[in-house]
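# Summary of structural features
What follows is the residue order along each chain.
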Amino acid sequence: MARKIRSDITVGNLEKDRLGVPPGTIRNPDGRDTRSDKKLGTIRKEGEKKK
């Protein structure tokens, strides 16, 4: 089982360094690109709030 990625990493660093995917891969629920300076913890909180 893989470890959970830290919450304080930014989306830009996550896409570039950790996952190796092109910029713009992580998207908002409405389909737009997520800002690259947004933190992963913020995205997780928003996901919990919508449930």
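For every chain, the first residue of its written sequence is number 1, and the numbers climb from 1 along that sequence. Local features are withheld for residues below a pLDDT of 70 in this predicted model, meaning they are given only at 70 or higher, and side-chain atom pairs are given and counted only at 80 or more; totals for whole chains, interfaces and linings count all residues. Hydrogens and water are ignored here; the side-chain numbers use all heavy atoms of the structure.

### Some remarks on the overall build of the protein chain
Under the DSSP-based scheme used, a helix requires at least four consecutive residues in state H or I and a strand at least two consecutive residues in state E, with every element numbered from the N terminus. Scanning the protein chain for helices and strands turns up two helices and zero strands. Type-normalised accessible area, obtained with a 1.4 Å probe on protein chains alone, sets the label of each residue: buried when under 20%, exposed when over 50%, and partly exposed for intermediate values. Out of the 51 residues in the protein chain, the part that is buried amounts to 22%. Within the protein chain, contacts between residues at least 6 apart in sequence are counted, and of these 50% link residues at least 24 apart. When the accessible surface of the protein chain is split by element, carbon and sulfur atoms take 51% of a total near 4,400 Å². The positive charge centre, built from 15 side chains, and the negative charge centre, built from 8, are 4 Å apart in the protein chain. Any two residues whose heavy atoms approach within 4.5 Å are treated as being in contact. What sets the accessible areas is the Shrake-Rupley method with a 1.4 Å probe; for residues, cover comes only from the shown protein chains. Lys and Arg are tallied as positive, Asp and Glu as negative. Neither His nor the chain termini are counted. For this purpose, a charge sits on NZ of Lys, CZ of Arg, CG of Asp or CD of Glu.

### Quick look at the side chain of E15
Inspection of the secondary structure puts E15 in helix α1 (residues 11-19). Counted as salt bridges are all cases of a side-chain nitrogen of Lys or Arg within 4 Å of a carboxyl oxygen of Asp or Glu. Of the buried charged residues, E15 lacks a salt bridge, with R27 as the closest side chain of opposite charge at 7.9 Å. Polar contacts, as counted here, are pairs of nitrogen or oxygen atoms within 3.5 Å of one another; within protein the pair requires one atom able to donate a hydrogen and one able to accept it, and residues that are adjacent in sequence qualify only if both atoms are side-chain atoms. At 3.4 Å, the side chain of E15 forms a polar contact with the backbone nitrogen of G24. Apart from the residues lying within four places of it in its own chain, the contact partners of E15 are G20, V21, P22, P23, G24, T25 and I26.

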